Protein chains: 2
Amino acid sequence: MADVGGIGAERLKSFVERVERLEEEKAALSADIREVYAEAKADGFDTKIMRQVVRLRKMDTADRQEQEELLDLYKRALGLAS
Amino acid sequence: MADVGGIGAERLKSFVERVERLEEEKAALSADIREVYAEAKADGFDTKIMRQVVRLRKMDTADRQEQEELLDLYKRALGLAS
């Protein structure tokens, strides 16, 4: 199947199979991440809050502070301030 | 920092760092996948269509046929049939 409709079928297949292998590895990592959260949950940690801190740790301090200030402002505007 | 507000800070940190390492590996794989598509594009392949076939190859034959038939039906209903 060297050529189907003018395209290099073998070449295309090789690209597609490379993508598929990488996607399988990604799926395995996603399963590993779920496993870590499951362990943490079994240990008594709240995984929703853990996901929030993972997200916050990715941000630089200035961005995080800005988001926290905005969140605080919106909460106060909507009467959610404790 | 054994205990902060009654939670095991070291234990929490260890979970969070495990998640972060796995997410880094996932991000690296996503970059590898983008790289494969970039190579394929440089080779003349249409990467949007490649992403479609990658998705289609994941499905079993019956599901794929059902989706293709439905797509065909919707296209005809909207006057998009060629």
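To be clear, the structure that these remarks concern was listed above.
The model shown is predicted, which means the values in this text are computed figures rather than measured ones.

**Some details on the overall build of chain A**
Along the backbone of chain A there are three helices and two strands. The secondary structure elements of chain A, listed N-terminal to C-terminal, are β-β-α-α-α. Computed over C-alpha atoms, the radius of gyration of chain A comes to 23 Å, more than 25% over the 12 Å expected from 2.2 N^0.38 for 82 residues, which places it beyond the range of a compact globule. The 82 residues of chain A split such that 21% are buried. Taken as a whole, chain A presents about 6,100 Å² of accessible surface, with 52% of it coming from carbon and sulfur.

**Some points on the nonpolar core**
By size, the foremost hydrophobic cluster in this structure holds 25 residues, and its most contacted members are Met 50 of chain A together with Met 50 of chain B. Elements supplying a minimum of two residues to this core: α1 (9–42) and α2 (47–58) of chain A together with α1 (9–42) and α2 (47–58) of chain B. Contact partners of Met 50 of chain A, with chain neighbours within four places excluded, come to Tyr 37, Ala 40 and Phe 45 of chain A together with Leu 12, Phe 15 and Val 16 of chain B.

**Overview of the packing of aromatic side chains**
All told, the structure shown has two aromatic pairs over all chains when counted by the stated rule. Look at Phe 15 of chain A and Phe 45 of chain B: their rings are 5.9 Å apart centre to centre, the planes differ by 75 degrees, and that puts the pair in the edge-to-face class. One end of the pair, Phe 15 of chain A, is in helix α1; the other, Phe 45 of chain B, is in the loop between α1 and α2, on a second chain. Judged by relative accessible area, Phe 15 of chain A falls into the buried class, the value being 0%. Over the face of the ring belonging to Tyr 37 of chain A we find Arg 51 of chain A, whose NZ or CZ atom lies 3.9 Å from the ring centre.

**A word on the interface of chain A and chain B**
Taken together, the contacts link 29 residues of chain A with 29 residues of chain B. Together, the buried faces of chain A and chain B total about 2,900 Å²; carbon and sulfur atoms form 70% of this surface. The largest contributions to the chain A side of the interface with chain B come from Phe 15, Leu 29 and Phe 45 of chain A, which together make up 19% of the buried area. The tally of links between chain A and chain B comes to eight salt bridges. For the salt bridge of Lys 58 of chain B with Glu 23 of chain A, the shortest nitrogen-to-oxygen distance reads 3.2 Å. Connecting chain A to chain B are ten residue pairs in polar contact (both at pLDDT 80 or more). Among the elements of the structure, β2 (7–8), α1 and α2 of chain A are those that each provide at least two residues to the side of chain A that touches chain B. Counting residues per element, the side of chain A that touches chain B draws most heavily on α1 of chain A, which supplies 20 residues.

Reading guide: rules and limits
- Residues numbered from 1 in each chain as written.
- Chains lettered and ligands numbered in written order.
- Predicted model: local features only at pLDDT ≥ 70, side-chain atom pairs only at ≥ 80, totals over all residues.
- Heavy atoms only, no water.
- Helix = DSSP H or I, 4+ residues; strand = E, 2+ residues; numbered from the N terminus.
- Rg over C-alpha atoms; globule rule 2.2 N^0.38 Å.
- Buried < 20%, exposed > 50% of the residue type's maximum accessible area, 1.4 Å probe, protein only.
- Areas by Shrake-Rupley, 256 points an atom, 1.4 Å probe, with all protein chains shown as cover.
- Core = buried A, V, L, I, M, F, W, Y, C linked by side-chain atoms within 4.5 Å.
- Contact = heavy atoms within 4.5 Å.
- Phe/Tyr/Trp six-rings, centres within 6.5 Å; stacked < 30°, edge-to-face > 60°.
- Lys NZ or Arg CZ within 6 Å of the ring centre and 35° of its normal.
- Buried area = accessible area lost by both parts, 1.4 Å probe.
- Salt bridge = Lys/Arg side-chain N within 4 Å of Asp/Glu carboxyl O.
- Polar contact = N/O pair within 3.5 Å; in protein donor to acceptor, adjacent residues only side chain to side chain.

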